[in-house]
Amino acid sequence: MSLGALVREEKRARSTSSQVYMSKDVDWQMLDKSRFFFLGAALFSGVSTALYPIVVLKTRQQVSPTHVSCANISLAIARLEGLKGFYKGFGTSLLGTIPARALYMTALEITKSSVGQATVRLGLSDTTAMAVSNGAAGLTSAVAAQVVWTPIDVVSQRLMVQGDLSMNKHVPGVISSCRYTNGFDAFRKILYSDGPRGFYRGFGLSLLTYAPSNAVWWASYSLSQKTIWSRFKGPCVRKEDARGSVVVQALSAATASGCSALITMPVDTIKTRLQVLDAEENGRRRAMTVMQTVKSLMREGGFGACYRGLGPRWVSMSMSATTMITTYEFLKRLSTKKQR
């Protein structure tokens, strides 16, 4: 072989080894929509069932007037309420999760696709284009989903804390004054006492919590994926479409979740209390204001009180995000249209 041929071969090898082999993204136009939504409803319902007890623990910690550990709350629920206590409000939550998740996935994929095309036309680098399109998609999907999720949160969270005896003792007239037999009963009573606005308590704070954190999450998720894949170079990485892809997705999701949980925790605690608790004035129940909620938290434990439930929320977000993203990517591949 000539010297020139050897040089060309060496350059080609060096070029190949420097490439980053990432899993191919499945675009919105490539999806079979009916299969996507049907399988999505089934898969995400299963994930929600597995993670729901952690959400119950997080919610009870957030509304508790004193710090109570997760272990003590779990033991109290198991002893006084049994397994059903860990699934209070689950039927309502599941009923709302299906349309909310459908809205979320639709807004996510459409935005990611359209913004991605726009960034390519603007001549942005691959890394920047990926971060911008994913961030924009996370923002719009969170706003769209909160239209459904906020009323579901209000009803399901009230059912979650209903059996919490510590709340009944320490905050008389807040929860014990209104008992709910099920989700439909809660819906009827909230509508009667607060009107339609009662279902959108904390809606502004929900947007403030989930929209920016979702944007940051999706942007950091895409960047984490690219960073992790950039560590793996060479022909052997071409097999990543199987197990390697799942591992990278899980690591990227867990990394993005930890930061998001820490940053948005105080706002989430205030939002949860606004949605669940009432104030009493002259013997009448009324919705608490943001300032009243913040003052109450400061009295109970200072700024640290805003981080009650951080442990369960961190675990919940990390497990949920890791499970959701691997399920979501798997769902997109299952729903890809067959090539003709």
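Residues numbered from 1 in each chain as written. Predicted model: local features only at pLDDT ≥ 70, side-chain atom pairs only at ≥ 80, totals over all residues. Heavy atoms only, no water.

Draft legend 1. Spatial organisation of helix α4 (residues 90-121). Between its first and last C-alpha, α4 extends 45 Å over 32 residues, near the 46 Å set by a 1.5 Å rise per residue. Of all the bends in α4, the greatest reaches close to 30° and is centred on T97; the proline P99 follows between one and four positions later. Where α4 ends, the next residue or the one after it, G123, has phi of about 80°, a positive value. (Helix = DSSP H or I, 4+ residues; strand = E, 2+ residues; numbered from the N terminus. Expected span 1.5 Å × (residues − 1). Bend = angle between axes of the 7 residues up to and from the residue.)

Draft legend 2. Highlighting the nonpolar core. With 23 residues, the main nonpolar core has W217, W218, Y221, I325 and Y328 as its most contacted residues. Every element with two or more residues in this core is listed here: α2 (33-63), α4, α5 (126-161), α8 (203-230), α9 (243-276) and α11 (310-334). What Y221 contacts, discounting residues up to four positions off in sequence, is Q249, S252, A253, A256, I325 and E329. (Core = buried A, V, L, I, M, F, W, Y, C linked by side-chain atoms within 4.5 Å. Buried < 20%, exposed > 50% of the residue type's maximum accessible area, 1.4 Å probe, protein only. Contact = heavy atoms within 4.5 Å.)

Draft legend 3. Just the environment of V290, in detail. By the secondary structure assignment, V290 is in helix α10 (residues 290-301). Sequence separation between V290 and I270 is 20 residues; the distance between their C-alpha atoms is 7.3 Å. The residues touching V290, leaving out its near neighbours within four places in the chain, are L205, I270 and L274.

Draft legend 4. Summary view of empty space enclosed by the protein. Applying the stated criterion across every chain yields a total of two cavities of 30 Å³ or more. One number sums up the size of the largest cavity: a volume of about 1100 Å³. In this structure, the largest cavity is lined by 40 residues; those nearest its centre are R101, W149, Y210, S320 and M324. Mapped onto the lining of the largest cavity, the elements with two or more residues apiece are α2, α4, α5, α8, α9 and α11. (1 Å grid on protein atoms, 1.4 Å probe; cavity = no way out; pocket = protein on both sides within 12 Å on 5 of 7 lines; lining within 4 Å. Points joined across faces, edges and corners; volume = space filled by probe spheres on them.)

Draft legend 5. Up close: the packing of aromatic side chains. Enumeration according to the criterion identifies 10 aromatic pairs in this entry. Aromatic pair W217 and W218: ring centres 5.0 Å apart, planes at 75°, arrangement edge-to-face. Given the relative accessible area of 8%, W217 is considered buried. Of the aromatic side chains, those joined through ring pairs into one cluster are Y52, Y87 and F90. One residue, R101, lies across the ring of Y104, its end atom 5.8 Å from the ring centre. (Phe/Tyr/Trp six-rings, centres within 6.5 Å; stacked < 30°, edge-to-face > 60°. Lys NZ or Arg CZ within 6 Å of the ring centre and 35° of its normal.)

Draft legend 6. Quick peek at helix α7 (residues 183-194). Taking 1.5 Å per residue, 12 residues should reach 16 Å; α7 reaches 16 Å between its end C-alpha atoms and fits that length. Residues of α7 that are buried include every one of G183, D185, A186 and I190, and no others. Down the axis of α7, the sector holding all buried residues measures 155°, keeping them to one side. For α7, the exposed residues set more than 90 degrees away from the buried face come down to F184, R188 and Y192. (Arc of directions from axis to C-beta.)

Draft legend 7. Spotlight on the pattern of salt bridges. Applying the stated criterion across every chain yields a total of 11 salt bridges. Residues D268 and K58 are paired through a salt bridge, measuring 3.4 Å at the closest nitrogen-oxygen approach. Of the two residues, D268 is situated in helix α9 and K58 in helix α2; the sequence distance between them amounts to 210 residues. E109 serves as the salt-bridge partner of K112, at 3.9 Å between the closest nitrogen and oxygen. (Salt bridge = Lys/Arg side-chain N within 4 Å of Asp/Glu carboxyl O.)

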